[in-house]
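# Residue-level structure breakdown
Below, each chain spelled out in residue letters.
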Amino acid sequence: MLEMRSGFVFRRIESMWCHRLTHLFSSTRCLLNRGSGHQISWQPRYRKSLLAVSRWHHMAPASLNCAWQLHGDHLELRYAETLMRFDYVWLRDHCRSASCYNTKTNQRSLDTASVDLCIKPKTVRVDETTLFLTWPDGHVTRYGLEWLVKNSYEGQKQQVMHPRILWNAEIYQQAQVPSVDCQNFLETKEGLKEFLQNFLLYGIAFVENVPPTKEDTEILAERISLIRETIYGRMWYFTSDFSRGDTAYTKLALDRHTDTTYFQEPCGIQVFHCLKHEGTGGRTLLVDGFYAAEQVLQRAPEEFELLTKVPLKHEYIENVVGCHNHMIGVGPVLNIYPWNNELYLIRYNNYDRAVINTVPYDVVHRWYAAHRTLTTELRRPENELWVKLKPGKALFVDNWRILHGRESFTGYRQLCGCYLTRDDMLNTARFLGLQA
Ligand SMILES: C[N+](C)(C)CCCC[C@H](N)C(=O)O
Ligand SMILES: O=C(O)CCC(=O)C(=O)O
Ligand SMILES: [Fe+2]
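On a predicted model such as this, the values are computed, not experimentally measured, just so you know.

Next up on the list: helix α10 (residues 289–299). With respect to burial, α10 is a largely interior element, 9 of its 11 residues being buried. Gly289, Phe290, Tyr291, Ala292, Ala293, Glu294, Gln295, Val296 and Leu297 are the residues of α10 that are buried. Of the residues flanking the start of α10, the one acting as N-cap is Asp288, its side-chain oxygen 3.0 Å from the backbone nitrogen of Phe290.

If you check the shell around ligand 1, you find 14 residues, and the closest are Asp246, Thr260, Tyr262, Asn349 and Asp352. Between ligand 1 and the protein, one listed contact pairs an oxygen atom with a backbone N or O atom of Thr260 at 2.8 Å. The separation between an oxygen atom of ligand 1 and a polar side-chain atom of Asn349 is 3.1 Å. With respect to the detected pockets, ligand 1 is housed in the second largest pocket. Taken together, the residues of the shell around ligand 1 sort by class into 7 nonpolar, 4 polar and 3 charged.

Now for empty space enclosed by the protein. Evaluated as defined, the whole model comprises 4 cavities of 30 Å³ or more. By volume, the largest cavity amounts to about 70 Å³. What lines the largest cavity is Tyr172, Val177, Pro178, Ser179, Val180, Glu194, Phe195, Asn198, Ile204, Ala205 and Phe206. Residue assignment for the lining of the largest cavity shows that the elements contributing at least two residues are α8 (189–202) and β11 (204–208).

Before going further, it helps to spend a moment on the sheet that holds strand β8 (residues 130–134). Spatially, 3 strands are ordered β7-β8-β9 in an open sheet, and the strand pairing comes out antiparallel. Looking at strand neighbours, the two that pair on one side only are β7 (123–126) and β9 (140–144), the edges of this open sheet. Within this sheet the neighbouring strands show an average axis-to-axis angle of 15°, counted without direction. Two elements, β7 and β8, share 4 bridges in a ladder whose sense is antiparallel. Within β8, the residue paired with Val126 across the bridge is Leu131.

Scanning all chains against the criterion turns up 13 salt bridges. Close ionic contact of Arg379 with Asp255 constitutes a salt bridge, the shortest N to O distance being 3.2 Å. Of the two residues, Arg379 is situated in the loop between α12 (361–378) and β20 (385–387) and Asp255 in strand β13 (residues 254–257); the sequence distance between them amounts to 124 residues. Note on Arg379: relative accessible area 46%, which makes it partly exposed. Note that Arg256 is salt-bridged to Glu384, the shortest N-O span being 2.8 Å. Highlighted residues: Arg256 in strand β13 and Glu384 in the loop between α12 and β20, separated in sequence by 128 residues. The residues Arg256 and Glu384 share a single accessibility class, namely buried.

What counts, and at which threshold
- Residues numbered from 1 in each chain as written.
- Chains lettered and ligands numbered in written order.
- Predicted model: local features only at pLDDT ≥ 70, side-chain atom pairs only at ≥ 80, totals over all residues.
- Heavy atoms only, no water.
- Buried < 20%, exposed > 50% of the residue type's maximum accessible area, 1.4 Å probe, protein only.
- Helix = DSSP H or I, 4+ residues; strand = E, 2+ residues; numbered from the N terminus.
- Polar contact = N/O pair within 3.5 Å; in protein donor to acceptor, adjacent residues only side chain to side chain.
- Near = heavy atom within 4 Å.
- 1 Å grid on protein atoms, 1.4 Å probe; cavity = no way out; pocket = protein on both sides within 12 Å on 5 of 7 lines; lining within 4 Å.
- Sits in = over half its atoms within 2 Å of the grid points.
- Nonpolar A, V, L, I, M, F, W, Y, C, P; charged D, E, K, R; others polar.
- Points joined across faces, edges and corners; volume = space filled by probe spheres on them.
- Pairing = 2+ DSSP bridges.
- Axes fitted to C-alpha atoms, helices over the stretch in contact; angles between N-to-C directions.
- Salt bridge = Lys/Arg side-chain N within 4 Å of Asp/Glu carboxyl O.

Below you can see the structure in the form of structure tokens.
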């Protein structure tokens, strides 16, 4: 239900973009020309003006749901209630004929640079299932109409890449998402698939009955992805010994954040396994960053947009014995796919946020207001999920979506874990037949 609602608001903001984008950034247009690029792509192309055949061609009665029309610079096709527009170079470039595309490797053989940018098909024909184009040199391209619907811009715009269930504490608890048993996870395809499906939908997932060692945690992690080695090592162990120059290595509370915001590509997944805690406190806080961002989009769409546009730096500067690191990562707080406005990455870490010097002062002020709105949403108690990590229960967190934090604690507490690459987790999920 929430997914559908998100689709709805996303479409609303899209129409807003066309009208508002220009004045929102009037003072920084050249700095932020990625934003106006969205509009530039709509400018008519400079190409020889070709006579448009502005007559609709309808198919035989059996396929009355298909009609097409040739224009000066594109083909318009209506099929399965979708109105699509295809650029002629695109139609030539995506040709799936044996000489243009290698179906054994799923790679293009055609040299796109050899296609005349003013190309136009010589003849066009459509039957019940297929569009046929004959090019000036006689080459014939065929496209399945279903394939075109699926692969067109208009088709993609209506779809989400990653189906998700956005949650606050109540939604997550009501869903009663089960933890998967360690043996089931390691030894059966079903266990792994169920785990990954839950992880993709909610951004968090638990494995239980894990032997409480670093080695066993590593085996778990490798079942879904590749371990991403970082300045913290491959598998890390940490306690409050301040062995590294970061608050994580103390007993202090940590407010909600995502990790490694100071990498150009923040780590995709974080695995936590608490191996020991003799003391009090130390509960883990989890917040769905996309749920909060969605609330911002509904309440203040122009602030949401600013958070997607203003580039920020995050920084990690460490100088302790044996560890000298200086990392810088750049990117906006919210990252969305521009064609459907779907969120795919939140970068939120107020501890590690660097000096803001990438936008002028007036944008800075509006950014602070937008950041405040997002922070208010992230801090609503009803959005907070608190869990106490125990030996034997490993937690996987989607670090591109879910914020984590912790309560202060007393006593000896030892956590182990690692970061994983996101691409390889998605690869595993797709192999199992999941949409990822
Ligand atoms: C997980 N581990 C203890 C290894 C590292 C913690 C990194 C902490 C850093 N401030 C960040 O948020 O990225
Ligand atoms: O100690 C914890 O529970 C988490 C600390 C933290 O934020 C991290 O290690 O990334
Ligand atoms: Fe963290």
